[in-house]
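What the coordinates show
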Amino acid sequence: MSSSLALYTKYRPKTFEEVIGQEQTIKTLLGAIKAGSIGHAYLFSGSRGTGKTSIARIFARAIGAHDDDIYEIDAASNRGIDDIRALRDAVHTVPMHSQYKVYIIDEAHMLSREAFPALLKTLEEPPKHVVFILATTDEGKIPETIVSRCQSFRFEKPSQATLKVMVERVIKQEGYTLEPASADLIALLGDGSFRDTYGILQKVIASSAGKKISQQEVESATGAPDSRIVNSFLRAVVARDVETGLSTLAKAVEQGVEEKVFLDLLLRKMRAVMMFRFVAGSANRLAEDFPTEDMTLIEDLAKNATHTLTSKELAEFLRAYESVRVAKVPGLSLELVLLRISGK
């Protein structure tokens, strides 16, 4: 790798122009800056790795806050009432180099029950030079009294297509080449998180033998099965072909495939079949997320009146997630589901 920095740190956006996704949030924030209408408190909520703290930093700098006047607080480790009281005292000191002091409170929902009222007092009567940005992955745990005093922005998970573009861009900048199907796989396993996708990509690069990364290397580094193995198992599920299904699973286990990853890929394809079958106009959208070979299978299963999927199979494999976490024997959870839906 061309740098010892973690990819997530190295490629973290520094300006609004570098941000991928969250267009509506950025548009609104830029509009407020242009109008000179800066609020005193913002709430950024959304799942992990969607860019909340990165955009918080960008916004802080965009309103003119010097780095010395931007304070990041991890609420998971600074969650007590004494921490917030210290913060409440600190906000009254004027900025060192800027018009604003910006406090970014990450994982704000982790503040203690006693700490929230102390924070509320500051939000009710904030100094004019202070801006708070609360970032959280669990907005439901933030008291309504706090939420009501913030301008709220919901950060959506990036699509697989967006993550794939990011993977292809970074892999090129790092001087490597990657097959499109491998970029698809990394984006899928990133599960809607920029941070997780960067982490997976870094693992893939670290384990590569050269600058040209094969799909086999990606599958080995991520614990993912060959797409053809998943497709074979899916066909067996639809056909109630226990023998083929069990032999396919045995092959996956032999290759060291992680059962959860196998389920991730399987459920995603099963859902795609259902979407293709019942949601008009979904084919083009699905084609953005699946390579041609997979789309051929998805379309065939969706249109085949004799052998297709029902909600029963999907529900059974969803329930398998619970047992995957505790199963002592690799592959057993999937084998049992296959036997149940086949009436064995």
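For every chain, the first residue of the written sequence is number 1, and numbering continues from 1 along that sequence. For a predicted model such as this one, the threshold for reporting local features is a pLDDT of at least 70, and the threshold for listing and counting side-chain atom pairs is 80 or more; totals across whole chains, interfaces and linings nevertheless cover every residue. Excluded from the side-chain calculations are hydrogens and water; all other atoms, namely the structure's heavy atoms, are used.

**What to know about the packing of helix α2 (residues 23–35) against helix α3 (residues 52–62)**
Two quantities define a packed helix pair, namely the angle between the axes and the distance from one axis to the other. Taken N-terminus to C-terminus, the directions of α2 and α3 make an angle of 15°; their axes are 11 Å apart at the nearest point. Relative to α3, the element α2 lies roughly parallel. Every pair of crossing elements has a handedness; the one defined by α2 and α3 is right-handed. Two secondary-structure elements touch here, α2 through Ile26, Leu29 and Ile33 and α3 through Ile55, Phe59 and Ala62. Gly falls in the polar group here, along with every residue not listed as nonpolar (Ala, Val, Leu, Ile, Met, Phe, Trp, Tyr, Cys, Pro) or charged (Asp, Glu, Lys, Arg). Of the residues that constitute the contact of α2 with α3, the class distribution is six nonpolar, no polar and no charged. Axis definition: a line fit to C-alpha positions, over the contact stretch in the case of helices; interaxial angles, taken between N-to-C directions, run 0 to 180 degrees. Numbered from the N terminus, helices here are DSSP runs of H or I no shorter than four residues, and strands are runs of E no shorter than two. Roughly parallel means an angle under 35 degrees; roughly antiparallel, over 145; roughly perpendicular, 65 to 115; everything else is oblique. The hand of a helix crossing depends on one turn: near helix anticlockwise from the far one by less than a right angle means left-handed, and clockwise means right-handed. Here a residue-residue contact requires only that any non-hydrogen atoms of the pair lie within 4.5 Å.

**So, the sheet that holds strand β5 (residues 151–154)**
Ordered in space as β2-β3-β4-β1-β5, the five strands form an open sheet in which the pairing is parallel. Looking along the sheet, the strands with just one partner apiece sit at the ends: β2 (70–74) and β5. Each strand of the sheet is rotated relative to its neighbour by a mean of 15°, with strand direction disregarded. Strands are labelled as partners when DSSP assigns at least two bridges between them. Direction of pairing for strand β1 (residues 41–45) relative to β5: parallel, over a ladder of four bridges. The residue bridging tyrosine 42 from the neighbouring strand is glutamine 151, located in β5. The strands touched by helix α4 (residues 81–90) are β2, β3 (101–106) and β4 (130–136); relative to β3, the strand with the most contacts, the crossing angle is about 165°.

**Details of the packing of aromatic side chains**
Here a Phe, Tyr or Trp ring, Trp counted by its six-membered ring, pairs with any other such ring whose centre lies within 6.5 Å, and the pair is stacked when the planes are under 30 degrees apart, edge-to-face when over 60, and tilted otherwise. Following the criterion strictly, the structure yields 10 aromatic pairs and no others. Seen in terms of ring centroids, phenylalanine 44 and phenylalanine 153 are 5.8 Å apart; in terms of plane orientation they differ by 90°. Their pairing is edge-to-face. Note that phenylalanine 44 is positioned in strand β1 and phenylalanine 153 in strand β5, a separation of 109 residues in sequence. Taken as a pair, phenylalanine 44 and phenylalanine 153 share a single burial class, namely buried. Through pairs of rings, three or more aromatic residues link up here, namely Tyr42, Phe44, Phe59, Phe153 and Phe155. For a ring to carry a charge above it, either NZ of a lysine or CZ of an arginine must fall within 6 Å of the ring centroid while also lying within 35 degrees of the normal to the ring plane. The ring centre of tyrosine 176 lies 4.1 Å from the NZ or CZ of lysine 211, which sits over that ring. Categorising residues by exposure relies on relative accessible area from a 1.4 Å probe, with only protein chains included: less than 20% of the type maximum marks a residue as buried, more than 50% marks it as exposed, and the intermediate range marks it as partly exposed.

**Describing the nonpolar core**
One finds Phe262 and Phe317 to be the most contacted residues of the largest nonpolar core, which totals 64 residues. For this core, the leading source of residues is helix α13 (residues 259–278), giving 12 residues. Excluding anything up to four places from it in sequence, phenylalanine 317 contacts Phe233, Val237, Leu263, Leu266, Leu267, Met270, Leu334, Val337 and Ile341. Grouped together as the second largest cluster of nonpolar side chains are 23 residues, Val91, Tyr103, Leu119 and Leu123 included. For our purposes a nonpolar core is just a set of buried Ala, Val, Leu, Ile, Met, Phe, Trp, Tyr and Cys residues, chained together by side-chain atoms within 4.5 Å.

**Considerations on the pairing of β4**
With respect to burial, β4 is a largely interior element, seven of its seven residues being buried. Bridge count between β1 and β4: five bridges; the pairing is parallel. Within β4, the position partnered with tyrosine 42 by the bridge is isoleucine 133. When β3 meets β4, the two strands line up parallel, connected through five bridges. Note on β4: the bridge partner recorded for valine 102 is valine 131. Note on handedness: a clockwise path from strand one over the helix to strand two, with the strands aimed away from the viewer, defines a right-handed crossover. Tracing the backbone out of β3, into helix α5 (residues 115–124) and back to the parallel element β4 gives a crossover that is right-handed.

**Some words on a nonpolar patch on the surface**
A cluster of nonpolar side chains, contributed by Val329, Leu332 and Leu336, occupies part of the molecular surface with about 230 Å² of accessible area. Along the chain, leucine 336 falls in helix α17 (residues 332–341). By relative accessible area, which is 40% here, leucine 336 ends up partly exposed. Like-charged residues within 9 Å of one another, or nonpolar side chains (Val, Leu, Ile, Met, Phe, Trp, Tyr) within 5 Å, are grouped into patches, provided each residue has over 30% relative accessible area and no salt bridge. Every accessible area reported is derived by Shrake-Rupley at a probe size of 1.4 Å, with residue values counting cover from the shown protein chains alone. Salt bridge criterion: a side-chain nitrogen from Lys or Arg within 4 Å of a carboxyl oxygen from Asp or Glu.

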